[in-house]
Amino acid sequence: MRMGSGATSNETIKPSHFALPYKFESQISLTILIPTWPAIIIFGICSNLTSIMVFLKAGVKDSVTTLLFSLAVSDVTFLVLISPTAATYVIFHFAPTHAWPFQTNLSFFMLYWPAFTMYDFSAYISISAGVMRCACVAMPLRFKSVFTRSRTIKLVPALFLLAVALRMPVLTMFYIDYKPDPVTNKTRVLLISKNSKILSKVNDLLNRNSLPYIYFAVMITCVVVMVTKLYEATRVRSSHTRPSSAPTTCKVVVVVVVVVVVVVVVVVVVVAVAVAVAVVAVVVVVVVVVVVVAVAVAVVVVVLVVAAFEVVVQHVDFYKHHISL
């Protein structure tokens, strides 16, 4: 059974239930990660609650703070809802022979998909913030008139409804039933799935196979637009400060960012294909992705720092020139 794909009333969730062909690698990764989940969840809840209090104290006055406040609320809700699932894994990890007084599906699956609905909601808010940041660079004079606070307040519930609608197949997959237990002579509460295979495939098609590529394409488009607009702005400034010198660093920034984006896209596609045909171990995939992303981030950061330094030098030369006049 694939984790998150549903369970019948006779199934018990255990850490050994992982997707093939990477069952062994999944067990290794979860053995390392499971003990850290409580600390991660507690830290995330505390940090997001702090952000919420800061926003409430400072005031949610514009579109950007509205999105960030909504993101903090969504993140803390996700962490609270995913806690029962994480707790079930932690108990299985440290006490595999623990006698459960109820069906483990209740603690594992009852809030699992609602939690990931909030996870998707956070992703949609983050994408909206990225688009908003791109618009701020691309159309600075019209940004405040287009992205108003009232429109953002209407956008946030729309994103939440979108997240719920896309997760509706798995949100409606389970129902609660009652069954007498002949051993204890008590009625047990059971969480039972209905049409789990079909609904899980629909969920995978929508939320795991199609939408992530759309999100990635949107963010890549925003990055390209931002880099282009920043390059044009830097070229205009350079023409007023040092007309004879071309902004070569900005050209390097554009080239490097484009190359890094292409490399990351190629690596992601290769890894996806490799995973699909089951020819590369998960550990190797994780190492390759981490190394490529780390190198890409390092290169982009170095180049952007160099570009920022050149812009500062240009501004200093500009002020020196005007002072000397």
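The structure presented is a predicted model; accordingly, all values stated were derived computationally and were not measured. (Residues numbered from 1 in each chain as written. Predicted model: local features only at pLDDT ≥ 70, side-chain atom pairs only at ≥ 80, totals over all residues. Heavy atoms only, no water.)

A.B. asks: Describe in detail the side chain of Thr-152, supporting the description with residues and values.
C.D. replies: Structurally, the position occupied by Thr-152 is in helix H7 (residues 149-166). Using a relative accessible area of 3% as the deciding quantity, one classes Thr-152 as buried. A polar contact of 2.9 Å, which involves the side chain of Thr-152, links it to the backbone oxygen of Thr-148. Ignoring sequence-local partners within four residues, the contact set of Thr-152 consists of Ser-63, Thr-66, Leu-67 and Met-132. (Helix = DSSP H or I, 4+ residues; strand = E, 2+ residues; numbered from the N terminus. Buried < 20%, exposed > 50% of the residue type's maximum accessible area, 1.4 Å probe, protein only. Polar contact = N/O pair within 3.5 Å; in protein donor to acceptor, adjacent residues only side chain to side chain. Contact = heavy atoms within 4.5 Å.)

A.B. asks: Please give an account of the confidence of the model for the chain that cites residues and values.
C.D. replies: Detailed reading of the predicted model is not advised wherever pLDDT is low. Across the chain, the average pLDDT comes to 74, with 62% of residues at or above 70. Mean pLDDT per element in the chain: helix H11 (residues 282-324) is the minimum at 59, and H7 is the maximum at 92. Every residue in residues 1-22 scores below 50 in pLDDT, and together they form 71 contacts with partners more than four places removed in sequence or on other chains. (pLDDT = per-residue confidence, 0-100.)

A.B. asks: Which residues make up the UniProt feature "transmembrane region" (unreviewed entry) in the chain, and what are the values?
C.D. replies: The UniProt record annotates "transmembrane region" (unreviewed entry) at residues 32-56, 68-92, 121-143, 155-176, 213-231, 252-274 and 280-313. Between the C-alpha atoms that bound residues 68-92 there is a distance of 36 Å. The span itself is 100% helix and 0% strand. A helix fraction of 73% and a strand fraction of 14% characterise residues 155-176, whose end C-alpha atoms lie 34 Å from each other. (UniProt positions renumbered as here; feature names shortened; annotations may be inferred.)

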